[in-house]
Amino acid sequence: MKNQLRIIGGEWKRRQLPFASIEGLRPTPDRVRETLFNWLMWEVQNAHVLDICAGSGALAFEALSRGAASVVMIEPNTIQASFLQQNRQLLKAENSQLKIATAQQVLPTLQQSFDVVFLDPPYSLDLWQELAELADPLIKDQAYIYVEADRELQRLQLPVNWQLLKQTRAGTVRAGLYQKQSK
């Protein structure tokens, strides 16, 4: 069984991409994705992007479609990772990498730094604080971090140098755009 997500804008606008039916896997809703990429309209161009919990790949492929220079996706589920790999090939997204392991395994090994980061872990695992702390050294000063959760963003205990710029809500989804300030 597979599901489909639709790319909203950019080079691959309206392309449908399949993803696995896996418990807890939920693509960022279209309305929230549209808001996010309106916020990041200029910042995503030529950006180096990190998608910490890639899942369906909705955010990563949307960023590539809108001109990101590169994307690193992290996905531990091998079934979903095979969908991400197929979608990378389908879109000829050579400027993307897929790391098939947990974010906790991958983040300490990354050597590059990022301009835009997506932090949208499976809600039930409550990984926001842990993954934010692991990712923070990889995030450039003034970079943008998108955080999605099923609870108030203030309750996530994110790094104090991440300044909340904008937030939105769609049903139970809470989403915020942060900017990393220098310490």
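For clarity, every value in this text was computed on a predicted model and none was experimentally measured.

Calculation notes
- Residues numbered from 1 in each chain as written.
- Predicted model: local features only at pLDDT ≥ 70, side-chain atom pairs only at ≥ 80, totals over all residues.
- Heavy atoms only, no water.
- Helix = DSSP H or I, 4+ residues; strand = E, 2+ residues; numbered from the N terminus.
- Expected span 1.5 Å × (residues − 1).
- Buried < 20%, exposed > 50% of the residue type's maximum accessible area, 1.4 Å probe, protein only.
- Arc of directions from axis to C-beta.
- Polar contact = N/O pair within 3.5 Å; in protein donor to acceptor, adjacent residues only side chain to side chain.
- Salt bridge = Lys/Arg side-chain N within 4 Å of Asp/Glu carboxyl O.
- Pairing = 2+ DSSP bridges.
- Axes fitted to C-alpha atoms, helices over the stretch in contact; angles between N-to-C directions.
- Contact = heavy atoms within 4.5 Å.

On to helix α3 (residues 78–90), then. In a regular helix each residue adds 1.5 Å, so 13 residues correspond to 18 Å; α3 covers 18 Å between its end C-alpha atoms and thus fits that length. Those residues of α3 lying buried are Gln80, Ala81, Phe83, Leu84, Asn87 and Arg88. Summarising the axial view, the buried residues of α3 lie within an arc of 155°, below the 170-degree limit, and thus occupy one face. Exposed and facing more than 90 degrees away from the buried side of α3 are Thr78, Ile79 and Gln89. At the N-terminal boundary of α3, the capping side chain belongs to Asn77, with an oxygen 2.9 Å from the backbone nitrogen of Ile79. Count one or two residues on from α3 and you reach Lys92, which has phi positive near 55°.

Once that is clear, we can look at the pattern of salt bridges. A full pass over the atoms with the stated rule returns 11 salt bridges. Here Arg33 makes a salt bridge to Asp30, at a shortest N to O gap of 2.5 Å. Placement of the pair is Arg33 and Asp30 together in helix α1 (residues 30–39), with a separation of three residues, close to one helical turn. Owing to a relative accessible area of 1%, Arg33 belongs among the buried residues under this scheme. Looking at Asp30, the relative accessible area reads 33%, which means it is partly exposed. Across the pair Asp150 and Arg151 runs a salt bridge, and its minimum N-O distance is 2.9 Å. Through salt bridges that share partners, Arg6, Asp30, Arg33, Glu62 and Arg66 make up one connected network.

Taking strand neighbours across the sheet as the criterion, the seven strands line up as β5-β4-β3-β6-β7-β9-β8 in an open arrangement whose pairing is mixed. Because the sheet does not close on itself, it has two edges, and the strands there are β5 (96–99) and β8 (162–170). The average undirected angle you get between the axes of adjacent strands in this sheet is 15°. Across six bridges, strand β7 (residues 139–149) lies against strand β9 (residues 173–180) in antiparallel orientation. Within the sheet, the bridge partner assigned to Tyr144 lies in β9 and is Gln179. Taken strand by strand, α3 contacts β4 (70–74) and β5, and its axis lies near 165° from that of β5. On top of the sheet, helix α5 (residues 128–135) reaches β6 (114–119), β7 and β8; it is set at about 165° to β7, its chief contact.

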